[in-house]
Amino acid sequence: MTDANSSPVVRLAAVGDTHCTKQSVGVLRPVFAKLDGRADVLLLCGDLTDHGLPDEAHVLTKELAAVKIPILAVLGNHDYESGHVEKVAEILGEGNIKVLDGEEFEVMGVGFAGAKGFAGGFGRGTLGPWGEPAIKSFVKEALEEALKLESALARLRTERRVALLHYAPVRGTIEGEPEEIFPFLGCGRLEEPLERYPVTAVFHGHAHRGALEGKTRAGTPVYNVAMPLLRRAYDHDLPIRVVDLA
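Keep in mind it's a predicted model, so treat the numbers as computed, not measured. Counting from 1, residues in each chain are numbered in the order their sequence is written. With pLDDT at 70 or above as the cut-off, local features in this predicted model cover only qualifying residues; side-chain atom pairs require 80 or more to be listed or tallied, and sums for whole chains, interfaces and linings still use all residues. Values shown for side chains rest on all heavy atoms present in the structure; no hydrogens or waters enter the calculation.

Undergrad: Sorry if this is basic, but what is going on with the overall build of the protein here?
TA: What counts as a helix is a DSSP run of H or I of at least four residues, what counts as a strand is a run of E of at least two, and both are numbered from the N terminus. Summing up its helical and strand segments, the protein has six helices and eleven strands in all. With C-alpha atoms as the basis for the radius of gyration, the globule rule is written as 2.2 Å multiplied by the number of residues raised to the power 0.38. The C-alpha radius of gyration of the protein comes to 17 Å, within 12% of the 18 Å expected for a compact globule of 246 residues. The principal-axis extent of the C-alpha atoms belonging to the protein is close to 50 × 45 × 35 Å. For the exposure calls, accessible area comes from a 1.4 Å probe over protein chains only, and a residue counts as buried if that area is under 20% of its type's maximum, exposed if over 50%, partly exposed in between. Counting every position in the protein, which comprises 246 residues, the buried fraction comes to 52%.

Undergrad: Looking at this structure, how should I read unusual backbone geometry?
TA: A negative phi holds for most residues other than glycine; trans holds for most peptide bonds. At Asn96, a position not held by glycine, the phi torsion is positive, near 65 degrees. The phi dihedral of His206 falls on the positive side, at around 80 degrees, and the residue is not glycine. Mapped onto the fold, His206 is located in the loop between strand 8 (201–204) and strand 9 (213–215).

Undergrad: Teacher, can you tell me more about the pattern of salt bridges here?
TA: Any two side chains of opposite charge can pair, on the condition that their charged atoms come close. Note on definitions: salt bridges are taken to be side-chain nitrogens of Lys or Arg within 4 Å of carboxyl oxygens of Asp or Glu. In total, this model carries 13 salt bridges according to the counting rule given. The residue Asp40 makes a salt bridge to Arg11 at a minimum N-O spacing of 3.4 Å. Of this pair, Asp40 sits in the loop between helix 1 (29–33) and strand 2 (41–45) while Arg11 sits in strand 1 (residues 10–15), and the two are 29 residues apart along the sequence. For Arg11, a relative accessible area of 27% translates into the label partly exposed.

Undergrad: Explanation requested: the layout of surface pockets in the structure shown.
TA: To locate leftover empty space, one rolls a probe as large as a water molecule over the atoms. Roughly 160 Å³ of volume is contained in the largest pocket. It is helix 3 (residues 85–94) that provides the largest number of residues to the lining of the largest pocket, a total of three residues. The method works on a 1 Å grid over the protein atoms by themselves. A cavity is a set of points holding a 1.4 Å probe that cannot get out, a pocket is an open set with protein on both sides within 12 Å along at least five of seven lines, and residues with an atom within 4 Å of a point line them. Grid points are joined across faces, edges and corners, and a volume is the space filled by probe spheres set on the points.

Undergrad: When you look at the pairing of strand 10 (residues 221–224) in this model, what are you seeing that I'm missing?
TA: In the case of a regular strand, side chains alternate between the two sheet surfaces. As defined by bridge partners, strand 8 adjoins strand 10 across three bridges and the pair is classed as parallel. For Phe203, the partnering residue across the bridge sits in strand 10 and is Tyr223. Strands pair, by our definition, only if DSSP identifies at least two bridges between them. Looking at chain direction, strand 9 and strand 10 are connected through three bridges and run antiparallel. The partner of Lys215 across the bridge, within strand 10, is Pro221. If you look at the hairpin formed by strand 9 and strand 10, you'll find five residues sitting between the two strands, and Gly219 has a positive phi there, around 95 degrees.

Undergrad: Quick question: what am I supposed to make of helix 3 here?
TA: Along an α-helix, residues three or four apart share an orientation, since each turn contains 3.6 residues. Looking at helix 3, one finds that the buried residues are Val85, Val88, Ile91 and Leu92. Buried residues of helix 3 fall within an arc of 125 degrees about the axis and therefore sit on the same side. Of the exposed residues in helix 3, the ones pointing more than 90 degrees away from its buried face are Glu86 and Glu94. Should any heavy atoms of two residues lie within 4.5 Å, those residues are counted as being in contact. The elements touched by buried residues of helix 3 are helix 2 (54–63) and strand 4 (97–99). The first or second residue beyond helix 3 is Asn96, which carries a positive phi of 65 degrees. Relevant arc is that of directions from the helix axis to the C-beta atoms, nothing else.

Undergrad: Could you clarify how one ought to interpret the environment of Ala207 in this entry?
TA: Among the secondary structure elements, Ala207 is positioned in the loop between strand 8 and strand 9. Sequence separation between Ala207 and Gly16 is 191 residues, and the spatial gap between their C-alpha atoms is 9.7 Å.

This is the structure we're talking about:
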């Protein structure tokens, strides 16, 4: 399929927060199998495993074996839980899942930049690097994740660019969650790279009870694709967001 300028329309399927466990054998495979013919690229937006265990990563790669299109992923906070994040990423890579952590990747003429992101709040509520060393360390993590995203975006040379995150870069897609936990669901610092290096779309997860869509200050669409949210929002049995990138 092409648009008026003969650029191919690329169909992006995106989902996060699969929270795969050792008991997930046979549960996710039928869902992913339904993507056949419906999408060109699959994006996984973090919290792929439930406790960041290698055994969980092995299960997930087997559940994704039915997917024959390119798969790009970022990790989430759950994937870090048990301290085996490097092994989890290695197992996913062996399953032909490209894990992005401050890297860029091109598929079908579309450039993808991925990073986990981090917490920290939005607007006037953004946590600043002031006071105790623990606070400064927390803010430093948020800044480093934003820099990872910016560096990846800066290296892309494609006309169409997509940002892949776990944490939310805008407040709009976490609306619906308890307001007191907003600072832990994302950080406005992640929006800054999206303004310096404009993208066509942004995908993230993490906010299980947030909103399906939001926008950056520049009007770029932001999609919350946490699987628990998609399961509640969609009537059909495919809890995966598919977006046509024209």
